[in-house]
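What follows is the residue order along each chain.
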Amino acid sequence: AGGIAPPPPPADDFCAATPYPTDKMSKLLETDETLLLMAYTLLGKFFDGYGIMWNGVSPGSAIMMACVESLHKNGDFDGEGCCDYQPEKKCCNGKIQIPANSNTTFQEMEDGNPTVALVRSVDMAGRLSTADIARLWADLRDKHPIGFLRANNIISIVSAPNLPRPVPSYGSGLDKLKPLIIGDFHDPATTYTASQDMRDKFPNGALMSWQGYHHGLFDDGDFGLSDYTSYTFQSEGYGAKDCYDRMLNYLEDGTLPPNGYTCPINGPAAGSLSLKVAKQVPTCPPANAPSP
């Protein structure tokens, strides 16, 4: 009483898929084949080298939420704010198109990064039998109906013809190493708890964390600090630069940050998911349009 009521937020200043976007996506994966293919197409667009995983939370996440709601509510990609986002150009290229074939997987990404698969296969060789692989795959699919597709490299890893190199036990050379372990709170590809587990294996190392949404740290230019209204600043900003600089210090002279050091996100996480952000993304110019 006696105060001044704040103005109501804009009608579109909210996450389009709220409430329970994860539940909505999970239900789409349990429906008929047409919606299932559309759901996997959407996941591929935004995680297979697309907006959120490699280009940050803004504006790709807002567009994805708009597409989740459109697909859940109407069974199409025609909803407001949903578009075929092009992260490199920061623009929308019309409507998301369903691929001609239904083989929508993340395998091409794994094939393009063979070094990781080879290193993992050396560590895992001999650990899992054929029956173990089948049980693990079924368990992952039940517990993680969306994320289990990222685990398809398990088959190639455990079947690679490598001699096993077991991880050394505690009390070995691991105790002498002082690694810098970096974890992102909202990494869409690897969990933050995995970073914490890694730190436990190296008692003399340090865990440095970033509160952002990305797969690994950014390393591009000024991290958006030259334009506080840019998508780059919304996705990166001060916290990403802080962690990046401390990582360089470690690589240059071995200086570790304090264990548990956390680099903050700028604070745009909730706002960057809003329908308002998705609707403001410009349309891509025609392919034959002259450069400005």
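Residues numbered from 1 in each chain as written. Predicted model: local features only at pLDDT ≥ 70, side-chain atom pairs only at ≥ 80, totals over all residues. Heavy atoms only, no water.

Draft legend 1. Focus on the environment of Lys45. Here Lys45 shows up in helix 2 (residues 33–47). Distance from Lys45 to Tyr85, taken between C-alpha atoms, is 8.3 Å for residues 40 residues apart in sequence. (Helix = DSSP H or I, 4+ residues; strand = E, 2+ residues; numbered from the N terminus.)

Draft legend 2. Up close: the state of the cysteines. Inspection of the entire model under this criterion finds four disulfides. Covalent S-S linkage joins Cys67 and Cys82, the inter-sulfur distance amounting to 2.1 Å. Judged by the torsion about the S-S bond (100°), the Cys67/Cys82 disulfide is right-handed. Separated by 15 residues along the polypeptide, Cys67 in helix 4 (residues 60–74) and Cys82 in the loop between helix 4 and strand 1 (85–86) bring together distant segments of the chain. Residue class for Cys67 comes out buried when judged on its relative accessible area of 0%. For Cys82, a relative accessible area of 10% corresponds to the buried category. Across the disulfide from Cys243 sits Cys263; the S-S distance is 2.2 Å. Negative torsions about the S-S bond denote left-handed disulfides, and the value of about 105° found for Cys243 with Cys263 makes this one right-handed. Highlighted residues: Cys243 in helix 11 (residues 237–253) and Cys263 in strand 5 (residues 262–263), separated in sequence by 20 residues. The burial state of Cys243 is the same as that of Cys263; both residues are buried. Bonded cysteines in the protein chain are paired 1-2, 3-5, 4-8, 6-7 when counted in the order they occur along the chain. (Disulfide = S-S within 2.5 Å. Buried < 20%, exposed > 50% of the residue type's maximum accessible area, 1.4 Å probe, protein only.)

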